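Fold and contact review
Residue-level listing of the chains:
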Amino acid sequence: MEKKADLKTMTWKQRIGFVWDYYRLVILAVVAVIILIGMTVHHYMTTKEDISQIVLVNAKSMPADEEPDFSEFMEQYGYDTAVQEVVVNDAYYVDLTSTDTSNLYSYQSLQTVIAGGGVDVLGADEMVFENLAQSGAIADLTQYFSKDELEQLKDYIFYTFAAGIRLGAGSWPVEHGYYEKECILGIALGSEHKEAAEQMFRYLLEKSNLD
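Criteria and thresholds
Residues numbered from 1 in each chain as written. Predicted model: local features only at pLDDT ≥ 70, side-chain atom pairs only at ≥ 80, totals over all residues. Heavy atoms only, no water. Salt bridge = Lys/Arg side-chain N within 4 Å of Asp/Glu carboxyl O. Buried < 20%, exposed > 50% of the residue type's maximum accessible area, 1.4 Å probe, protein only. Helix = DSSP H or I, 4+ residues; strand = E, 2+ residues; numbered from the N terminus. Contact = heavy atoms within 4.5 Å. Core = buried A, V, L, I, M, F, W, Y, C linked by side-chain atoms within 4.5 Å. Phe/Tyr/Trp six-rings, centres within 6.5 Å; stacked < 30°, edge-to-face > 60°. Lys NZ or Arg CZ within 6 Å of the ring centre and 35° of its normal. Polar contact = N/O pair within 3.5 Å; in protein donor to acceptor, adjacent residues only side chain to side chain. Pairing = 2+ DSSP bridges.

Per the counting criterion, the structure on display carries 7 salt bridges. Among the ionic pairs, Glu151 bridges to Lys154, the shortest N-O distance being 3.0 Å. Note on Lys154: relative accessible area 49%, which makes it partly exposed. Linked by salt bridges that have partners in common, Glu126, Arg166 and Glu182 make up one network.

Shown next as C-alpha cells:
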C-alpha cells in the first residue's frame, strides 16, 4: 500500500515538486485557459471597427510601414481613430487571360467578398473593373452623385453606366504607388457601409486632382 506524502514534513521545494508531479496537467490546463481568456479579452479590446474597406485589385502591395494615413479623412467625417479604422487590401491578383485554377479561385473569392459586403470602395485595372461591372458587382454612381456632379466628372466616367471613375497620373492610387499609370475606382454594390463608402469615394476623388 502506497504511503501518503506528508506535506507537513516537506520543505517548500519538496512541496512544490510534489504538487507539480501530481497536478501538473491540471495546472497546465488552468494556465492555458487563463492565457486564452487574456488573449480573447485583448483581441476585443484592441480590435478596431472597419468603417471602410478599400480593395485594390492587381495593385502593388505596399509595405506595412508605408500604409496610407487616413487621419485627415477620419477627422473630416467625425470618426474616432481610437476605435475605428480604414483598411486597404491590395492582396488580390486577377489575370482574366489566364485559365490557371488558382487565378480562377482568386477571382471567385473576390466576387464572393464583394457580394458578402466585405468591399466598400474598389479599384482595379480596366479589364478587371469592366468584368466586375458587367457581373453587377459595382454600384451605379447615380445612386451617390447628382446629375450635375456626374456632368462635371463626365470625362472620367467609365463604362456604359456610371460604374466608376478613371484615375490617372496625380490621382490618389497612383501617387501612393498602388498603380503605375491609372486605375478605375468605384463603389462596391454590396457595401455594408454605404455612407462611409460614399464618403471615402468622394475623399479619394478630392485627393486625385480631377478638374
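Following the structure, the description resumes.
Once that is clear, we can look at the environment of Ile54. By secondary structure assignment, the location of Ile54 is in strand S1 (residues 49-56). Exposure remark for Ile54: the relative accessible area of 0% places this residue in the buried category. Separated by 131 residues in sequence, Ile54 and Leu185 have C-alpha atoms that sit 10.0 Å apart. Every residue in contact with Ile54, bar those within four places of it in the chain, is listed here: Phe70, Val86, Val87, Val88, Asn89, Val121, Met200 and Leu204.

All right, on to the nonpolar core then. In this structure, Phe70, Phe73, Met200, Phe201 and Leu204 are the most contacted members of the largest nonpolar core, which totals 34 residues. The set of elements that each furnish at least two residues to this core consists of S1, helix H2 (71-76), strand S5 (164-167), helix H6 (172-175), strand S6 (183-187) and helix H7 (194-206). Top element by residues in this core is H7. It accounts for 7 residues. By size, the runner-up hydrophobic cluster in this structure holds 20 residues, among which are Val57, Leu110, Val128 and Ile138.

Tallied over the full model, the rule gives 7 aromatic pairs. Measuring from ring centre to ring centre gives 5.8 Å for Phe145 and Phe201, while their planes differ by 75°; the resulting arrangement is edge-to-face. With Phe145 in the loop between helix H4 (126-134) and helix H5 (147-152) and Phe201 in helix H7, the pair connects residues that are 56 residues apart, well separated along the chain. Here Phe145 and Phe201 have matching classes, each one buried. It is Arg202 that lies over the ring of Phe145; its NZ or CZ is 4.2 Å from the centre.

Looking at where Gln53 falls in the secondary structure, it is placed in strand S1. A distance of 2.9 Å separates the side chain of Gln53 from the side chain of Asp50, its partner in a polar contact.

Moving on: the sheet that holds strand S2 (residues 84-89). With respect to topology, 6 strands assemble into an open sheet ordered S2-S1-S3-S6-S5-S4, the strand pairing being mixed. Across the chains shown, the open sheet's two edge strands, defined by having one partner strand only, are S2 and strand S4 (157-158). Pairing between S1 and S2: 6 bridges, direction parallel. Each bridged residue has a counterpart across the sheet, and for Ile54 the counterpart in S2 is Val88.

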